[in-house]
Structure formats: structure tokens, C-alpha cells
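Here's the letter readout for the chains.
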Amino acid sequence: MVRLFDIQASALFTAYSPTHLFVLALFACSILCLYTFRNSLREKRAGNIVRFSLVTVLVLSELSLNVWYIWHGQYDVKDTLPLELCTISLYLSVAMLIWKSRRLFQIIYFVGIGGALQALLTPALDYDYPHFRFIEFFAAHIAIILAVLYMLWVEGHRPTLKSVFAAMGFLNLLLVAVGTVNAMTGGNYMFLARKPETASLLDVLGPYPWYLVSLEVAACLIFLLMYLPFAISARVRQARPQETGYD
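Residues numbered from 1 in each chain as written. Predicted model: local features only at pLDDT ≥ 70, side-chain atom pairs only at ≥ 80, totals over all residues. Heavy atoms only, no water.

## Some details on the nonpolar core
Within the largest apolar cluster, 59 residues are counted, with the highest numbers of intra-cluster contacts made by L97, Y109, F110, F138 and F223. Secondary-structure elements contributing two or more residues to this core are helix 1 (18-36), helix 2 (44-71), helix 3 (85-99), helix 4 (102-121), helix 5 (132-153), helix 6 (161-185) and helix 7 (210-246). Sorting elements by how many residues they give to this core places helix 5 first, with 16 residues. The residues touching Y109, leaving out its near neighbours within four places in the chain, are V148, P159, M226 and F230. The next biggest cluster of nonpolar side chains, apart from the first, holds five residues, and it includes W68, Y69, Y127 and F132. (Core = buried A, V, L, I, M, F, W, Y, C linked by side-chain atoms within 4.5 Å. Buried < 20%, exposed > 50% of the residue type's maximum accessible area, 1.4 Å probe, protein only. Helix = DSSP H or I, 4+ residues; strand = E, 2+ residues; numbered from the N terminus. Contact = heavy atoms within 4.5 Å.)

Spelled out as C-alpha cells, the structure:
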């Protein structure tokens, strides 16, 4: 049991290994279940159980990670402050779920899903299953995405074109704030100082610092693509009365 929490990795994580593929399959199944039972979850008691279960997973993931850092003497302002994009999304997701916030949803839909999905597909992770860090990492990132989809499918929140620009504005404010902390601490939060050592989307966006500009463009395009289904749906709904009038 102790080795599950050891600072030394007894087995190194390998992307798209059987354990990684199993977690991705579990992630896909959890999304399918949430969508399948979305109507049942609109009943208050069932919805609250799922909503606060996600809150519990998110809170315990972050709390246990910080306890683990402190336990091993690894807590350091250069590496362990809650300034990664997914960590910030985690905190915002907790608030969004508790208060069913539409405003936070408008940002987390883009920033949370975009960042967490990238982390799930190309994890910056050293520890393989069954290490604590493996379980905590995937539990937290999956819960972020499920939190957003819960608000989308169960609570009926929808992103707007305005929220695309709100999310981009939020992201740029984060870049300034986190970049300042990086300069003060020598850290690399949000990979603003250098690319991660593991494979990621940043590998195809050019060298430092130009990949930051490329990332800005890529983020905007991804956010627009994420909004596109809702824009199409809105156009279809607007066209229906006109079609009915011609019949």
C-alpha cells in the first residue's frame, strides 16, 4: 500500500499503454452513461447525487494531491501552486457545480474541456497504475469534463458566441498572471516557459516562444469548433417556423 503513494515511480507511465487505453475507455463509457441517463438526472435527487459526487471527486483529488506533496516534502512554489490550466478549471468546476453557475459554464465549457481532454490524450505524467498519482490525475481530469457535460446535458446550459470571446479573454488574463508567477518563481506553469517533456499538441506549434502565438490561434479555432454545433442548432431552430409557413 505504501508504494502506491511512494515518491519514486515503480512503473513509468507510457502513453497508450493498456492501462492508459483502459482509462480512456472508462472515460468514454462514463460520458455515454451521463448522456443516456440525462433525462433521469433532471429529477432533483438523482441530479444532486451526481452533481455532488463530481464535486467530491474534484475536491478530494486536489486535496489529496497537495497532502501528498507536503507528505513527501515536494511542495514548492515553483512546481506545485494551483496554476496549471486544468487545476484552475478544477476549482472553477467545483464552484460551477455547487451554484449551477451559467457564467462559469460559459468559460469552463471551452477552457475545461479543451485543457482536460488534451491532458487525457497526452498526459504529462510519470506514474503508471496503480500509483496514487495515476488515479488522481485521471480522476480529476475526467471529472472536469463530466462536470461540464452534466451542466450541458442535465442543467441545460449552452455556450454562446459571446462566451467564445469571454473564454479567450479569460485565457489571456491567465497567461499574463501565470507568466508573471513563472518569471518570479522560475516555474513553468501552463507550459509558458517551455514545452513539456512528454508529447503534446505543443510539439506541432513551433519552437519557444512562437508556439505561444500558435497556441493562441489554435485555442481560438478549437473554441469556435466547440461552439459550432450550437450555432448550427440555433440556426435550425430559427429556420423551422419559416419552413412551416411555406407549407
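## With respect to the packing of helix 2 against helix 3
At a minimum axis distance of 10 Å, the contact between helix 2 and helix 3 shows a crossing angle of 150°. With respect to each other, helix 2 and helix 3 are oriented roughly antiparallel. The two elements helix 2 and helix 3 meet at a crossing, and its hand is left-handed. Contacts from R51, F52, L54, V55, L58, V59 and E62 of helix 2 reach helix 3 at T87, L90, Y91, S93, V94, L97 and I98. Considering only residue class, the contact of helix 2 with helix 3 consists of 10 nonpolar, two polar and two charged. (Axes fitted to C-alpha atoms, helices over the stretch in contact; angles between N-to-C directions. Parallel < 35°, antiparallel > 145°, perpendicular 65-115°, else oblique. Left-handed = near helix turned anticlockwise from the far one by under 90°. Nonpolar A, V, L, I, M, F, W, Y, C, P; charged D, E, K, R; others polar.)

## Digging into the packing of aromatic side chains
This model, assessed by the stated rule, comprises 15 aromatic pairs. Summarising the aromatic geometry, the rings of W68 and F132 are spaced 6.0 Å apart at their centres and angled 45° between planes, so their arrangement reads as tilted. Of this pair, W68 sits in helix 2 while F132 is found in helix 5, placing the two residues 64 residues apart along the sequence. Taken as a pair, W68 and F132 share a single burial class, namely buried. Taken together, a centroid distance of 5.8 Å and an interplanar angle of 75° make the contact between Y129 and F134 edge-to-face. Given the relative accessible area of 4%, F134 is considered buried. An aromatic cluster of three or more residues is present, and its members are F5, W68, Y69, W71, Y127 and F132. Looking at R38, its charged tip hangs above the ring of Y35, at a distance of 3.9 Å from the centre. (Phe/Tyr/Trp six-rings, centres within 6.5 Å; stacked < 30°, edge-to-face > 60°. Lys NZ or Arg CZ within 6 Å of the ring centre and 35° of its normal.)

Treat this as a map of the structure, not an account of what it does.
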